[in-house]
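Take a look at the letters that make up each chain.
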Amino acid sequence: MDAPHVVGGPAQVPRRAALEVSPLPGRSGIRARGEISVLTRPSWEQALSELARRHAGVSYVELSDVAFVDVAGVSALAVTAMNLPDGRVVVENPPPQLPRVLEMFWPGLDRIEVAL
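Predicted model only: the values in this text are computed from it and were never measured.

Participant: For this particular structure, what's the right way to read the environment of glutamate 50?
Facilitator: Relative to the assigned elements, glutamate 50 resides in helix 1 (residues 41–54). Since its relative accessible area comes to 29%, glutamate 50 is described here as partly exposed. A sequence separation of 21 residues divides glutamate 50 from glycine 29, and the C-alpha atoms of the two residues are 9.4 Å apart.

Take a look at the structure:
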């Protein structure tokens, strides 16, 4: 068990960010778990590339177990959706910053549907 941080004591070392991405059972899409940040962006972008390659009309991105997504992670999602030949991406249960960032930088992007 880790010792609590006390003033003057040793600082706690932050844990390394992790991201796990797996296929969604029974439908086209992916489920992510962890954080989407500078440390995990290569895995996120690889998962989005695979999603786009397998896209057939509607793809789902389930994010209920994602604690944080940075602006670059949202950007990768938006660019992926904009480059699809047709259809849309349905983002389910995203962290609160994702819909806000989409609205700020890509208002009216109809290729992404956010389902809270």
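Participant: Sorry if this is basic, but what is going on with the nonpolar core here?
Facilitator: Considering soluble globular proteins, one finds that nonpolar side chains tend to be buried as a cluster. By size, the foremost hydrophobic cluster in this structure holds 26 residues, and its most contacted members are Trp44, Val61, Leu63, Leu77, Val91, Leu98 and Ile112. Counting only elements with at least two residues in this core, the list comes to strand 2 (29–36), helix 1, strand 3 (58–69), helix 2 (71–82), strand 4 (88–92) and helix 3 (97–105). The dominant element in this core, judged by the number of residues it contributes, is helix 2, at five residues. With residues up to four places along the chain from it excluded, the contact list for tryptophan 44 reads Leu19, Ile30, Ala32, Ile36, Val61, Leu63, Gly73, Ala76 and Leu77.

Participant: What's the story with the side chain of serine 37 in this structure? I'm lost.
Facilitator: Secondary-structure assignment places serine 37 in the loop between strand 2 and helix 1. Residues contacting serine 37, with those up to four places away along its chain left out, are Ala17, Phe68 and Asp70.

Participant: Explain helix 2 here, please?
Facilitator: For the α-helix, the turn length of 3.6 residues means that residues three or four positions removed from each other point alike. In this model, helix 2 (twelve residues) spans 16 Å end to end at C-alpha, consistent with the 16 Å of a helix rising 1.5 Å per residue. For helix 2, the complete set of buried residues consists of Gly73, Val74, Ala76, Leu77, Ala78, Thr80 and Ala81. For helix 2, the elements touching its buried residues are strand 2, helix 1, strand 3, strand 4, helix 3 and strand 5 (112–115).

Procedures and definitions
Residues numbered from 1 in each chain as written. Predicted model: local features only at pLDDT ≥ 70, side-chain atom pairs only at ≥ 80, totals over all residues. Heavy atoms only, no water. Helix = DSSP H or I, 4+ residues; strand = E, 2+ residues; numbered from the N terminus. Buried < 20%, exposed > 50% of the residue type's maximum accessible area, 1.4 Å probe, protein only. Core = buried A, V, L, I, M, F, W, Y, C linked by side-chain atoms within 4.5 Å. Contact = heavy atoms within 4.5 Å. Expected span 1.5 Å × (residues − 1).

These results come straight from atomic positions and should not be treated as a statement about function.
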